[in-house]
Amino acid sequence: MTRPTSQPLIVEPVACSTGVLVPPKGYLKRLREICDKHDILLIFDEVITGFGRLGTPFAVDYFDVIPDLVTTAKGLTSGVVPMGAVFASSKIYEAFMNAPENTIELFHGYTYSAHPVACAAALATLDVYAEEGLLTRVAEIADYWEDALHSMKGLPHVIDIRNLGLIGAIELEPIAGAPTKRAFQAFLKAYESNLLIRTTGDIIALSPPLIIEKSQIDEIFGTLANVLKQID
Ligand SMILES: Cc1ncc(COP(=O)(O)O)c(C=O)c1O
């Protein structure tokens, strides 16, 4: 492998933290082509999209685009113990493995790297994913999730609704001169109603557990509908 001369490009395959921005069709494939052409490393941040969130094990599988590196975290231990992992393509891996014998390959570490408790949690989580088919379960419930999410259309303040896999966003019209205030009101009202939501700007961003049942999806959107009717 030749040494890339440019900075790497890192993207979330679905930009979740910024409010669930689903990429246009062909976008990630095009990014891959551009990166190949200019010898730029492509990195997918799959901290949210990884481990079954889109109904495939990774967004890599969903979009059929192979980056050079994949960063993961949350789903790796089901979020119960802090841990992250980076996957590398064999091209990158080999570049490090071909280092001279007297050097340590991929010299990189933290105090708590590969902490036994985190590794145990990750291994147990991976077993549960395999046993319960959770890395592909979302493919079975994504349509139900989509319909339930889009039933919010027409409710007060709703200006856009976006989804992919088991990710959803309800964008609210901001209160004039007070951006984020309306979504924060929704957050507080939902919390009082026993529903924990995440807001980013004036967007309600949802990404519930992979084991969610249809009745729980109904509960989420039943509660959210009431919340939207109650806030200013
Ligand atoms: C998409 C995305 N990438 C990276 C991170 C950071 O993950 P960590 O704190 O596990 O390193 C987050 C955290 O919320 C995230 O949502």
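Looking at this structure, I do not really get the site of the ligand. What am I missing?
Residues in contact with the ligand, as listed here, are Glu12, Ser17, Asp45, Val47, Ile48, Ala73 and Lys74. Within the side chain of Ser17, one N or O atom sits 3.3 Å away from an oxygen atom of the ligand. Within the side chain of Lys74, an N or O atom sits 2.6 Å from an oxygen atom of the ligand. Starting from 400 Å² of accessible surface for the ligand in isolation, the protein chains cover 52%. Split into classes, the residues belonging to the shell around the ligand amount to three nonpolar, one polar and three charged.

Please explain the nonpolar core as it appears in this structure.
Generally speaking, nonpolar side chains in soluble globular proteins are found buried as a group. Formed by 57 residues in total, the largest nonpolar core has its most connected members in Met152, Ile170, Ile204, Leu206, Phe221 and Leu224. Among all residues touching Ile170, those that are not within four sequence positions of it are Leu149, Met152, Val158, Asp160, Asp202, Ile203, Ile204, Leu206, Phe221 and Leu224.

Would you mind showing me how to read the side chain of Asp68 here?
As for its placement among the helices and strands, Asp68 is situated in the loop between helix H2 (59-63) and strand E3 (69-72). Of note is the side chain of Asp68, whose polar atom sits 3.5 Å from the side chain of Lys91.

Is there a simple way to explain the sheet that holds strand E5 (residues 158-164) in this structure?
Within a sheet, adjacent strands bond to each other through the backbone by hydrogen bonds, running parallel or antiparallel. Spatially, E5-E6-E8-E7 is the arrangement adopted by the four strands of the open sheet, whose pairing is antiparallel. Strand pairing shows two members of the sheet lacking a second neighbour, E5 and strand E7 (198-200), which therefore form its edges. Here the average twist between neighbouring strands, direction ignored, is 20 degrees. Both strand E6 (residues 167-172) and strand E8 (residues 203-206) contribute to a ladder of four bridges, which runs antiparallel.

Sorry if this is basic, but what is going on with the packing of aromatic side chains here?
By the definition in use, this model includes seven aromatic pairs. Seen from their ring centres, Phe51 and Tyr129 are 5.9 Å apart, and the 25 degrees between their planes marks the pair as stacked. Of this pair, Phe51 sits in the loop between strand E2 (42-45) and H2 while Tyr129 sits in helix H4 (residues 116-132), and the two are 78 residues apart along the sequence. Judged by centre distance (5.0 Å) and plane angle (75 degrees), the ring pair of Tyr62 and Phe63 falls under edge-to-face. Here a set of aromatic residues connected by ring pairs shows up, and it is made of Phe51, Phe58, Phe87 and Tyr129.

I would appreciate a short explanation of the pattern of salt bridges in the present structure.
Opposite charge on two side chains makes pairing possible when the charged atoms of those side chains draw close. Here the structure, examined in full by the defined rule, presents nine salt bridges. Asp68 is the partner of Lys91 in a salt bridge, and the nearest nitrogen-oxygen pair spans 3.5 Å. Of the two residues, Lys91 is situated in helix H3 (residues 90-97) and Asp68 in the loop between H2 and E3; the sequence distance between them amounts to 23 residues. Of the residues examined, Asp68 reaches a relative accessible area of 4% and is grouped as buried. Across the pair Asp160 and Arg162 runs a salt bridge whose closest N-O atoms are separated by 2.7 Å.

Criteria and cut-off values
- Residues numbered from 1 in each chain as written.
- Predicted model: local features only at pLDDT ≥ 70, side-chain atom pairs only at ≥ 80, totals over all residues.
- Heavy atoms only, no water.
- Near = heavy atom within 4 Å.
- Polar contact = N/O pair within 3.5 Å; in protein donor to acceptor, adjacent residues only side chain to side chain.
- Areas by Shrake-Rupley, 256 points an atom, 1.4 Å probe, with all protein chains shown as cover.
- Nonpolar A, V, L, I, M, F, W, Y, C, P; charged D, E, K, R; others polar.
- Core = buried A, V, L, I, M, F, W, Y, C linked by side-chain atoms within 4.5 Å.
- Buried < 20%, exposed > 50% of the residue type's maximum accessible area, 1.4 Å probe, protein only.
- Contact = heavy atoms within 4.5 Å.
- Helix = DSSP H or I, 4+ residues; strand = E, 2+ residues; numbered from the N terminus.
- Pairing = 2+ DSSP bridges.
- Axes fitted to C-alpha atoms, helices over the stretch in contact; angles between N-to-C directions.
- Phe/Tyr/Trp six-rings, centres within 6.5 Å; stacked < 30°, edge-to-face > 60°.
- Salt bridge = Lys/Arg side-chain N within 4 Å of Asp/Glu carboxyl O.

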